[in-house]
Amino acid sequence: MKQLLAFLTILLVGLPASAHELSSSYLSVNLEDKQVSGYWLVQPEDMHLAITLDSNTDGIIAWREVTSRIAEINNYFQNNVQITAGDTQCSMSTENIMLEERASNIFLYLPLQGICDSTGALSIDYSPFFAQDQSHRGILEVLVNDSATSTVFSPSRTRYDAESGGNSIWQRFRIFIIEGVWHIWIGLDHILFLIALLFAGQTLSSNQNRPKPPWTETLKIRSVDILKTVTAFTVAHSITLILGTLGVISLPGILVETIIALSVAISGANVIFHFLDRIRWWFIFGFGLIHGLGFASVLGDLLTSQGVRLSSLLGFNIGVEIGQLCIVAAALPVSYTHLRAHETEADL
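Numbering of residues starts from 1 in each chain and follows the order in which that chain's sequence is written. Confidence filtering applies because this is a predicted model: local features only for residues at pLDDT of at least 70, side-chain atom pairs given and counted only at 80 or more, and all residues used for totals across whole chains, interfaces and linings. Calculated side-chain values reflect all of the structure's heavy atoms, with hydrogen atoms and water omitted.

### Section: the overall build of the protein chain
Okay, step 1: Looking only at helices and strands, one finds ten helices and eleven strands in the protein chain.
Okay, step 2: Burial here depends on accessible area, computed with a 1.4 Å probe over protein chains only, as a share of the maximum for the residue type. Under 20% is buried, over 50% is exposed, and the range in between is partly exposed. Buried residues in the protein chain amount to 49% of all 348 residues. Numbering of helices and strands runs from the N terminus, with a helix taken as a DSSP run of H or I at least four residues long and a strand as a DSSP run of E at least two residues long.

Right under this line is the structure:
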């Protein structure tokens, strides 16, 4: 068991800050009558994987390398993003490419203009970067005659279709539940941090003369402790995710990611040394607050419609909780075994 804890500590201490970040692109489409406008935001690193921006292979994507491939970038958009009204594909064009900073990341910004010959229901087919990165997510916001909606594109969900209910509150709510689960499962910092806290829980009793409780009581105590741990993290995460997305609070992205990395490293060291036992709940709650801000900046930049935000935020938070409970369910038997072994060592 000690070898397992040491291994977890090494992983946690060595975890980079970037483990919290997601590969994401953003598409905003505004359809009014037959006129289409909007923009496409994409990270240069993602575009490089698709069309090789770093022409001199020095590991740095320079602006001159981007501007030299503008035609290829525009063609990539035309070939991988199709906007349709009714049965007619809209004629889209990209304007001068620019740079934009969001959530401390630099994005390529492509303004979009187009005309739809039909006034039928809007459909969007979106497939950029999925062939290169299965974890990539494309976040869509659509505004049609002042009615806003949003969704998330993934390798298994590449089409938005308003006519089939793609703009319903329930559809959006369900999608963001799935994305909340996905976010917690692909976040190595989430998983290792939670597991470390589960193993770092205090023992059942400091009185060595007290008889060891039956396994049912041990399991009950351990389950309650784990439930408190997950709840403290979820409540804190939800508070700053909501406030950050609504723009009530904000911190520089680099500061947030640095604190996340530091917190994960500290929790890894605590697996062995247990120096946080007296302030454990404060530490859990504090980490949850910071992590909520880590994703809120990205979500808040995109979901500009108040109605869209609320349903998406609620769905995402529920998904995070479901994902955490799955992790806890898998870790509980091992955590319980560790606690019993720790109690046995204390009795010797």
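### Some remarks on the state of the cysteines
Okay, step 1: Cysteine sulfurs are considered disulfide-paired once they come within 2.5 Å of each other. The final tally for this structure, using the stated rule, is one disulfide.
Okay, step 2: The disulfide bridge from Cys 90 ends at Cys 116, spanning 1.9 Å between sulfur atoms. Between Cys 90 and Cys 116, the S-S dihedral sits near 100°, and the bridge is therefore right-handed. Pair noted here: Cys 90 is in the loop between strand E4 (88–89) and strand E5 (91–94) and Cys 116 is in the loop between strand E7 (105–115) and strand E8 (122–126), with a separation of 26 residues, a long-range link.

### Quick look at the environment of Gly 247
Okay, step 1: Within the secondary structure layout, Gly 247 lies in the loop between helix H7 (215–245) and helix H8 (253–273).
Okay, step 2: On the basis of relative accessibility, which here comes to 57%, the residue Gly 247 falls in the exposed class.
Okay, step 3: Distance from Gly 247 to Ala 296, taken between C-alpha atoms, is 8.8 Å for residues 49 residues apart in sequence.

### Comments concerning the pattern of salt bridges
Okay, step 1: For salt bridges, the criterion is a side-chain nitrogen of Lys or Arg within 4 Å of an Asp or Glu carboxyl oxygen. In the structure shown here, the tally under the stated rule is three salt bridges.
Okay, step 2: A salt bridge links Asp 125 to Arg 159, with the nearest nitrogen and oxygen atoms 2.7 Å apart. Of the two residues, Asp 125 sits in strand E8 while Arg 159 sits in strand E11 (residues 159–161), which places them 34 residues apart along the sequence.
Okay, step 3: Taking the shortest distance from any N to any O, the salt bridge between Arg 159 and Asp 161 comes out at 3.9 Å.
Okay, step 4: Through salt bridges with shared partners, a single network forms among Asp 125, Arg 159 and Asp 161.

### What about the packing of aromatic side chains?
Okay, step 1: In this scheme Phe, Tyr and Trp rings, the latter by its six-membered ring, pair at centre separations within 6.5 Å, and the angle between planes marks the pair as stacked below 30 degrees, edge-to-face above 60, and tilted otherwise. Under the counting rule described, the total for this entry stands at eight aromatic pairs.
Okay, step 2: Note on Tyr 39 and Tyr 109: the rings are 5.3 Å apart at their centroids and 20° apart in plane angle, and the pair reads as stacked. Here Tyr 109 lies in strand E7 and Tyr 39 lies in strand E2 (residues 35–42), a separation of 70 residues in the sequence.
Okay, step 3: With a relative accessible area of 17%, Tyr 109 lands in the buried category.

### Remarks on the environment of Leu 41
Okay, step 1: Positionally, Leu 41 belongs in strand E2.
Okay, step 2: Through-space distance from the C-alpha of Leu 41 to that of Tyr 26 is 4.9 Å; in sequence the pair is 15 residues apart.
Okay, step 3: In what follows, residue pairs with any heavy atoms lying within 4.5 Å of each other are defined as contacts. Each residue touching Leu 41, except ones within four places of it in the same chain, is listed here: Ser 25, Tyr 26, Glu 100, Arg 102, Phe 107, Leu 108 and Tyr 109.

### Comments concerning helix H2 (residues 44–51)
Okay, step 1: Of the positions making up H2, those classed as buried are Pro 44, Asp 46, Met 47 and Ile 51. Angularly, the buried residues of H2 cover 155° about the axis, an arc narrow enough to put them on a single face.
Okay, step 2: The inward-facing, buried residues of H2 contact strand E1 (24–32), E2, helix H4 (70–80) and E7. Arc, as used here, means the arc of the directions from the helix axis to the C-beta atoms.

### Some remarks on the sheet that holds E11
For sheets, the rule is that strands pair by backbone hydrogen bonds, running either parallel or antiparallel.
Okay, step 1: Between any two strands, at least two bridges found by DSSP are needed for them to pair. Judged by pairing direction, the sheet is antiparallel, and its four strands sit side by side in the order E4-E3-E8-E11 without closing on themselves. At either end of the open sheet lies a strand with only one pairing partner, and these are E4 and E11.
Okay, step 2: Two elements, strand E3 (residues 81–85) and E8, share five bridges in a ladder whose sense is antiparallel. Directly across from Val 81, in E8, lies its bridge partner Tyr 126.

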